[in-house]
Amino acid sequence: MWRILCGIVVLAAIVNPLAEAREVRRRRAVKLQLDNYLSYDGIMEYLDQLALSHSSRVTLKDVGRTYENRVLKMAMITNGDGRPGKRVIFLDAALHSREWMTPAAALLTIHKLVVEFEENADLLADYDWHIMPLANPDGYVYSRNTERYWRNTRTPNGGNCFGTNLNRNFAVNWKVGFPQLEDPCDENYAGSAPFSEVEARTVRDIMHSLVESKRAVMYLSLHTANRSVFYPWVYDTAPVSNQKEHDEIGRFVANRIGQSTGTFIKTWQYAKFAGTFGGTSMDYALVAGFPLSFVFEMSGVGQDQVEYKFFPPTRDIRHLAEESWTGIKAFAEKTIEIYPPSRVIAYNPMVELPLNAASRNRGFNSLLGTVFIFFIYLTNV
């Protein structure tokens, strides 16, 4: 009996302070800093704080580790009603590391859905959101600290060449298009093989998991700074089967942004805009079974009407992130309208789904599991 009592005391001693600390952090307001470009650590810290303060609506999942051992983290957002199997909008940012505005816009999207939930509850009534705000952290850190225009990952290619362009590393006409895709020293290098990069494999596995569970609806990848909405194909000029839906959504987004801020947003099937090449995440999402797939090329124009491309002044971060949120919200509204829960989706992936799933979750629940195992051990000795 004394072992049971000791076990209870130990369990209480471990769990109670953790629960109290968690409750204190939950009550503390979580503020998103948009007056500067957040570091990798700053982005991870914001996500961790948000998950503690709004645990009923956002869960973080560690979905992979980069070559330099940084966490690839995904925020899974719901309205907290506990209804399983909702359809999902999957959004990623910063596949290209020099596009610093994209993590800011992704974090603002998370903030709008979680902290400002009441104003955006309609976007979560029948849909969940899965958001990777920093899909290329190694490249992002290198871009911020060493070589500003760095675009790729940081995996070594030999011969003092580093990095693969993640948006050329997906298995749709991989390495087809132009010679630079095969040059390991070029910023367009497509990698040593399709999905050679863990970051691309992680995005792929999330896509496949959502398609397998019949939850996938829209994939949205944030880029800068072409002021465009692009839809497939990139590798081919042929129309996709639901071309009219893609075009309708693109025009809706462009009109909403134009009415809100005056920024002109082009909307195109990419191949007809800039030629064909393979390996893009947008094409792969459609091949994997998502009904809708887009790239949103956000604006890099400051409020002074100067085109800053990838690196707008810090004074413009909030303005451009808010403008991008206007577009992201429009994407979601029109998608939910066209694909309500009552509409049956026939999932027909054109690729074989891999057996390996995205990486396991870690964090507070893992600690509780460890404590529970320890308690069981004490009571059975």
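As the structure is a computational prediction, the values presented were derived from the model and not from experiment.

Asks: An account of the overall build of the protein chain is needed here, citing residue identities and associated values.
Replies: The helix and strand tally for the protein chain stands at 10 helices and 10 strands. Residues classed as buried in the protein chain amount to 54% of the 381 residues present. A separation of at least 24 residues holds for 77% of the contacts in the protein chain among residues at least 6 apart in sequence.

Asks: Which residues make up the sheet that holds strand β3 (residues 87-93), and what are the values?
Replies: Across the sheet, 8 strands lie side by side as β1-β2-β4-β3-β7-β10-β8-β9; this open sheet has mixed pairing. The open sheet terminates on both sides in strands that have one partner only, identified here as β1 (58-65) and β9 (266-269). Averaged over all neighbouring strand pairs, the angle between strand axes comes to 20°, with direction disregarded. In terms of strand pairing, β3 meets strand β4 (residues 127-132) through 6 bridges, oriented parallel.

Asks: Report on the environment of Glu248, specifying residues and quantitative values.
Replies: Mapped onto the elements of the fold, Glu248 is located in helix α6 (residues 243-261). Owing to a relative accessible area of 35%, Glu248 belongs among the partly exposed residues under this scheme. Along the sequence, Glu248 and Thr267 sit 19 residues apart, while their C-alpha atoms lie 9.6 Å from each other. Not counting chain neighbours up to four residues away, the residues in contact with Glu248 comprise Lys334 and Ile338.

Asks: Please set out the environment of Gln303 residue by residue, giving values where relevant.
Replies: Mapped onto the elements, Gln303 comes out in the loop between β10 (292-298) and α9 (317-338). Accessibility expressed as a relative area gives 51% for Gln303, which makes it exposed. With 10 residues separating them in the primary sequence, Gln303 and Pro313 have C-alpha atoms 9.9 Å apart. In this view, Gln303 contacts Arg315, Asp316 and His319; residues no more than four positions away in its chain are not counted.

Asks: Please set out the nonpolar core residue by residue, giving values where relevant.
Replies: Counting 97 residues, the largest nonpolar core has Ile77, Phe90, Trp129 and Leu222 as its most contacted members. Apart from the residues lying within four places of it in its own chain, the contact partners of Trp129 are Ala75, Met76, Ile77, Ile89, Thr109, Leu113, Leu123, Leu124, Ile328 and Ala332. One finds Phe230, Tyr270, Phe277 and Val295 within the second-largest nonpolar core, a separate group that totals 6 residues.

Asks: I'd like a description of the state of the cysteines, backed by residues and values.
Replies: Throughout the structure, instances matching the rule amount to 1 disulfide. The side chain of Cys161 participates in a disulfide bridge whose partner is Cys185; the two sulfur atoms lie 1.6 Å from each other. One end of the pair, Cys161, is in strand β6 (residues 161-162); the other, Cys185, is in the loop between β6 and α5 (198-212), with 24 residues separating them in the sequence. You can call Cys161 buried: its relative accessible area is 7%.

Asks: Report on the packing of aromatic side chains, specifying residues and quantitative values.
Replies: The tally for this structure, following the rule as stated, stands at 20 aromatic pairs. With centroids separated by 5.5 Å and ring planes inclined at 50°, the aromatic side chains of Trp268 and Phe273 adopt a geometry described as tilted. A residue is classified by how much of its surface remains accessible, and Phe273, at 33% relative accessible area, is partly exposed. An aromatic cluster of at least three residues, connected via ring pairs, comprises Phe178, Phe230, Trp268, Tyr270, Phe273 and Phe277. The ring of Phe195 carries Arg204 above its face, with NZ or CZ at 4.8 Å from the centroid. Here the guanidinium or amino end of Arg343 rests over the ring plane of Tyr339, the centre of that ring lying 3.9 Å away.

Asks: Which residues make up the side chain of His130, and what are the values?
Replies: In this fold, His130 is placed in strand β4. On the basis of relative accessible area, His130 is assigned to the buried category, the value being 6%. Filtering out sequence-adjacent residues up to four positions away, His130 remains in contact with Met74, Ala75, Met76, Val88, Ile89, Phe90, Leu91, Leu210 and Arg215.

Asks: Give a description of the side chain of Gln243 that names residues and reports values.
Replies: Its place among the elements puts Gln243 in helix α6. Under the relative-accessibility criterion, Gln243 is labelled buried at 19%. There is a polar contact of 3.1 Å between the side chain of Gln243 and the backbone nitrogen of Val240. Setting aside anything within four residues of it in sequence, one finds Gln243 in contact with Tyr231, Pro232 and Gln269.

Asks: An account of the pairing of β1 is needed here, citing residue identities and associated values.
Replies: By the bridge criterion, 7 bridges tie β1 to strand β2 (residues 71-77) in an arrangement that is antiparallel. Across the sheet, residue Thr59 finds its bridge partner in β2, namely Met76. As consecutive antiparallel partners, β1 and β2 are separated by 5 residues, and within that stretch Asn69 has a phi angle of approximately 70°, a positive value.

Asks: Give me the pairing of β4: which residues, what numbers.
Replies: The side chains of a regular strand alternate, first on one face of the sheet and then on the other. With respect to burial, β4 is a largely interior element, 6 of its 6 residues being buried. Burial of the side chains of β4 extends over both faces: Tyr127, Trp129 and Ile131 are buried on one face and Asp128, His130 and Met132 on the other. Relative to β4, β2 runs antiparallel, the two sharing 3 bridges. Pairing of Met76 across the sheet is with His130, part of β4. For the crossover that starts at β3, traverses helix α3 (residues 101-114) and ends in the parallel β4, the hand is right-handed.

Asks: Which residues make up the confidence of the model for the protein chain, and what values go with them?
Replies: With 85% of its residues at a pLDDT of at least 70, the protein chain reaches an overall mean of 89. Contacts of residues 355-381 to residues separated by more than four positions or lying in other chains number 34 contacts, the stretch itself having pLDDT below 50.

Asks: An account of the pattern of salt bridges is needed here, citing residue identities and associated values.
Replies: Taken as a whole, this structure holds 19 salt bridges when the rule is applied. The salt bridge involving Asp126 is made with Arg83; its shortest N-O contact spans 2.9 Å. Of this pair, Asp126 sits in the loop between α3 and β4 while Arg83 sits in the loop between β2 and β3, and the two are 43 residues apart along the sequence. A salt bridge links Lys112 to Glu322, with the shortest nitrogen-to-oxygen separation between them at 3.4 Å. Placement of the pair is Lys112 in helix α3 and Glu322 in helix α9, with a sequence separation of 210 residues. The class for Lys112 is buried, based on a relative accessible area of 9%. Residue classification places Glu322 among the partly exposed residues on the basis of a relative accessible area of 26%. Through salt bridges with shared partners, one network takes in Asp81, Arg83, Lys86 and Asp126.

What counts and what doesn't
- Residues numbered from 1 in each chain as written.
- Predicted model: local features only at pLDDT ≥ 70, side-chain atom pairs only at ≥ 80, totals over all residues.
- Heavy atoms only, no water.
- Helix = DSSP H or I, 4+ residues; strand = E, 2+ residues; numbered from the N terminus.
- Buried < 20%, exposed > 50% of the residue type's maximum accessible area, 1.4 Å probe, protein only.
- Contact = heavy atoms within 4.5 Å.
- Pairing = 2+ DSSP bridges.
- Axes fitted to C-alpha atoms, helices over the stretch in contact; angles between N-to-C directions.
- Core = buried A, V, L, I, M, F, W, Y, C linked by side-chain atoms within 4.5 Å.
- Disulfide = S-S within 2.5 Å.
- Phe/Tyr/Trp six-rings, centres within 6.5 Å; stacked < 30°, edge-to-face > 60°.
- Lys NZ or Arg CZ within 6 Å of the ring centre and 35° of its normal.
- Polar contact = N/O pair within 3.5 Å; in protein donor to acceptor, adjacent residues only side chain to side chain.
- Right-handed = clockwise from strand over helix to strand, strands pointing away.
- pLDDT = per-residue confidence, 0-100.
- Salt bridge = Lys/Arg side-chain N within 4 Å of Asp/Glu carboxyl O.

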